[in-house]
Amino acid sequence: MTLFKRLAPVVFAVLAAAGPARALDIDVTSFKLDNGMQVVVIPDHRAPVVTHMVWYKTGAADETQGKAGVAHLLEHLMFKGTPKHPDGAFSRIVRANGGDENAFTTQDYTAYFQKVMKDRLPLVMELEADRMQNLELTDETVLPERSVVLEERRQRTDNEPAGLLNEQMDAAMYTAHPYGKPVIGWMSQVSKLTRQDAMDFYAAHYEPENAILIVAGDVTPDEVKTLAERYYGPLKNKRPTPERLRAEEPPPNAERRITMSDPRVSSPNWQRQYLTPSARQLSQREELAMSILAEIVGGSNQSRFFQTLNIDKKLAAYSGAWFDADQLDYGSFGVYASPNPGVTIETAEKEVDAILSDVATKGVTQAELDRSRNNMIASAVYVLDSQDKLARLFGVALATGQTIDDVKNWDRDLSLVTVDDVNKAARTILDRKASVTGVLLPEAKSQ
Amino acid sequence: MMTMPKSLRTLLLFIGLFVGSAASANAFTIQEVTSPGGIKAWLVEEHAIPLMAMNYSFKGGTELEPAGKEGVSSFLTGMMDEGAGDMLSAEFQKKRDELAFRMSFDAGSDFFEGGFQTLTKNRDASTDLLRLAITAPRFDAEPLDRVRQQFLLNVKDKEQDPPTMAWQAWMDEILPGDPYSRPDDGTEATIAAITADDLKNAHRHIFNRDTLQVAVVGDITAKELGPLLDKVFGGLPEKAPEQPRLPEAKPAMGPKLKVIERDMPQSVIAFGTEGIKRDDPDFIPAFVMSEILGSGGLTSLLSEEIREKRGLTYGVSYGLSPMDRVGLYAGSLQTKNESAGEALDAAREVIKKYAEEGPTQKDLDEAKTFLTGSYALRFSSNGAIANQLLGIQQQNLGIDYVQKRNALVEAVTLDQVKAQARRLLHPDRLIVTVVGRPQGVK
């Protein structure tokens, strides 16, 4: 969920599958300010530009019961003003200084960023530090913005059958844990959120010790340290940050299936997600074995899915697999297939199950492992061309309980993964009881 | 914002081009390289990371597709990595994955574009494969039928996608019968009928040296680039077969309202009029004018009124879309059905007031500082720079454009902007298309 869509950030799934290769040795420095705020600096001197991001280790999964969507509403409201910079001055100042800006909210973190010329770095730090503690909201600004968020929900979810299905799949996947409610919130709850709800969430979570500053671009760690101490250093923690204790999922005892028909759907679509541990609960080697499993099953045109579903049996036009453990509490392993015209969902699903069952019982080959690992390492280098993507890589890792070393050791840990590791990952993950299957079907038009 | 059809994508390129140009802020130098074989490219050397990006394009996109073959250029983009020379599809893709190069194609309405990225250590082998792909693509039956299934699903999906429907209807109203208003990816009927010969024919018409433009950024020297250009592109024919020159497109004038009834909670609204082309002498003042009114961010006049004050939409934008044979001026917003009439009326009101009064000096000054100050942000990665440089070449703006551009924006006066607002804004003549169950629209 972002403040506005034009500058929507890259999809994190892309980063989950790729990471920087160690041979490239990313130049990254990290330290903490006295108030506990973590600082990460990633120099890139190719252009006189910096990306400045503040990540709060809080998101939709930290909302209290009945207030679904308040983390994301607050993200929108953070642009409304402070006594020093009132009436939406934030965006006007950034714009007048030639800056791009945006913000995004997920289940576990909320991030704000600006991309500016390097000499404007002090300015955006001053603005960002100001709104960390001095946000001022009135009903006159909150209520129209709440309407904007309701329109955002209609645009992304209610107008999109695939969006509605995904929301229902999440709700079915999580019986107790808050990942089951959408980041943007349920319509019935968002439409009742108040100024006070937003201020309560702000007061509870927006503190320097709960924030990470990431600066990537044409700066040195010393320059950032001096500026960060000047602008963020004086901020005091007003209260202890609440512990992130979320309800644990009970053991998954039954597979779930969500079927949705809608006249707006043109062709049938099939997908399934399996609940997995999150990255911080796994060793990086275990996590990477799961990533390789996704690559082998459906990550390229050499994958099992593509070779069987798309080429040999001509059942699917699109197919694939992915793994994303970059959340605090749980991850997901996903597979999908869009059947060719004339092929039923049942036929495609049967073949998918046969492939998955074969992987889980007979395992993968050394050749598959080597090929997938090489593909992953070789293409990871492209992340170096983008300071935004590098900054996000570290932001996501730190905000979900991983470490800078995890990111830096990515290729070393990848090289350790064995066929046994991947086979163990397959046996662990591919348990239908821990899965939700989603089917999207066309329906005769109502008009 | 809604996804635009390809015929309107030039708008986005154009914003990319124009949003930014602190001349002094750009540390890089653009070299013009001519290969021994006479192929020209713009090069920015950047040796900090071992990567190279190359963007290139050929004139003539979807608008030159023969009648009945709509979608063949898009189809071609899907076939370019499905085997080349003696290498069948699987072998080609396996090799590509091993070498970890990236290759992409895009069929726009005026240009057919290619993108390519490689690691320095694999550059020779990767460009061997690129050469093979663009000079000798195979169109074997197996991949052809497989890719056809994908395009059939895409076409069906787009025919039901509300934003695509709204834009398609808008293009049909403003440029009825013109090739620009064809569906980007063709129809189920045309895709079902496309043959290997059709693809060969499209490839023969598009891939020619005479309209080739190339931008290269990254870990390569001018001396190394010359032979690389000859290797990759030298095998292409010099000229395309004779093609009919299409006449200028003639936009229809509103007011016109077309509603496509669909059962969904939010209405998708497209609106606009004729615009201007990139070679219009007043293009830059007109662009500054349009940025103040309807750029995609939070601070445009339309966004302030419809999003910030009234809370009626997640996003509204309204901008110039210059193309080769016509200029359009197109906008969009989405709002719940109940407020469709109010949002559209509010948009008309804002446009009317702006047409009559123009911006304040403060509005203009702020727009200029944004446009000039943010230019350098568009040049912060190899891929981004290559994209910018190719766009500048396509628009014939000259190799010194990056250096000149901020001064051009700085020179725009309040009177010029007011004159362009009067000239280009016609709130009473808008063509409006709506998909949904809108209430109160007129």
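**Q** Describe helix α12 (residues 345-362) of chain A, with residues and values.
**A** All names here are of chain A. Its 18 residues place the ends of α12 25 Å apart at the C-alpha level, agreeing with the 26 Å of an ideal helix rising 1.5 Å per residue. Buried within α12 we find Ile345, Ala348, Glu349, Glu351, Val352, Asp353, Ile355, Leu356, Val359 and Ala360. Following α12 by one or two positions, Gly363 adopts a phi angle in the positive range, close to 85°.

**Q** Report on the sheet that holds strand β13 (residues 431-436) of chain B, specifying residues and quantitative values.
**A** Across the sheet, five strands lie side by side as β9-β13-β10-β12-β11 (chain B); this open sheet has mixed pairing. Here the strands that pair on one side only, and so sit at the sheet edges, are β9 (256-261) and β11 (316-322) of chain B. Each adjacent strand pair in this sheet contributes to an overall mean axis angle of 15°, direction not counted. Note: β11(B) against strand β12 (residues 327-336) of chain B, seven bridges, orientation antiparallel. The partner of Pro322(B) across the bridge, within β12(B), is Gly327(B). The strands touched by helix α5 (residues 139-158) of chain A are β10 (266-274) and β12 of chain B; relative to β12(B), the strand with the most contacts, the crossing angle is about 105°. Those strands touched by helix α10 (residues 283-294) of chain B are β11 and β12 of chain B, and its axis lies near 165° from that of β11(B).

**Q** Describe the interface of chain A and chain B, naming the residues involved and giving the relevant values.
**A** Think of interface size as the accessible area that goes away when the parts come together; that is how it is often given. Each side of the interface is counted separately: chain A has 61 residues, and chain B has 68 residues. Taken over both partners, the interface formed by chain A and chain B buries close to 5900 Å², and the fraction arising from carbon and sulfur atoms is 54%. Its largest share of buried area at the contact with chain B, chain A owes to Arg46(A), Arg95(A) and Tyr382(A), together 14% of the area lost on that side. The tally of links from chain A across to chain B stands at four salt bridges.

**Q** Go over the domain arrangement of chain A with me, naming the residues and quoting the values.
**A** All names here are of chain A. Its domain assignment divides chain A into domain 1 (33-231) and domain 2 (256-385 + 401-442). Inter-centroid distance (C-alpha atoms) of domain 1 to domain 2 is 31 Å. When domain 1 packs against domain 2, close to 1800 Å² is buried across both sides, 63% of that on carbon and sulfur atoms. Linking domain 1 with domain 2 are one salt bridge, by the criterion used here. Put simply, Asp385 and Arg46 hold a salt bridge, and the shortest N to O gap is 2.7 Å. One can count ten residue pairs in polar contact (both at pLDDT 80 or more) joining domain 1 with domain 2. Within the residue set of the side of domain 1 that touches domain 2, elements represented by two or more residues are β2 (38-43) and α6 (161-173). It is α6 that contributes the most residues to the side of domain 1 that touches domain 2, ten residues altogether.

**Q** Residues and numbers for the domain arrangement of chain B, please.
**A** Residue and element names in this part refer to chain B. Structurally, chain B comprises domain 1 (8-233) and domain 2 (256-436). Computed over C-alpha atoms only, the centres of domain 1 and domain 2 are separated by 27 Å. With 55 residues of domain 1 at the contact, the number on the domain 2 side is 62 residues. Surface buried jointly by domain 1 and domain 2 totals about 5100 Å² across both partners, of which 67% is contributed by carbon and sulfur atoms. In this structure, the connection of domain 1 to domain 2 is made through three salt bridges. Of the charged contacts, one joins Asp324 and Lys59 as a salt bridge, the two residues approaching to 3.2 Å between their closest N and O atoms. Where domain 1 touches domain 2, the interface holds twelve residue pairs in polar contact (both at pLDDT 80 or more). When residues of the side of domain 1 that touches domain 2 are traced back to their parent elements, those giving at least two are α1 (10-18), β1 (31-34), β2 (40-45), β3 (51-59), β7 (111-119), α6 (162-174) and β8 (213-218). Per element, the largest residue contribution to the side of domain 1 that touches domain 2 is ten residues, and it comes from α6.

Cut-off values and rules
Residues numbered from 1 in each chain as written. Chains lettered and ligands numbered in written order. Predicted model: local features only at pLDDT ≥ 70, side-chain atom pairs only at ≥ 80, totals over all residues. Heavy atoms only, no water. Helix = DSSP H or I, 4+ residues; strand = E, 2+ residues; numbered from the N terminus. Expected span 1.5 Å × (residues − 1). Buried < 20%, exposed > 50% of the residue type's maximum accessible area, 1.4 Å probe, protein only. Pairing = 2+ DSSP bridges. Axes fitted to C-alpha atoms, helices over the stretch in contact; angles between N-to-C directions. Contact = heavy atoms within 4.5 Å. Buried area = accessible area lost by both parts, 1.4 Å probe. Salt bridge = Lys/Arg side-chain N within 4 Å of Asp/Glu carboxyl O. Domains from an automatic or database assignment. Polar contact = N/O pair within 3.5 Å; in protein donor to acceptor, adjacent residues only side chain to side chain.

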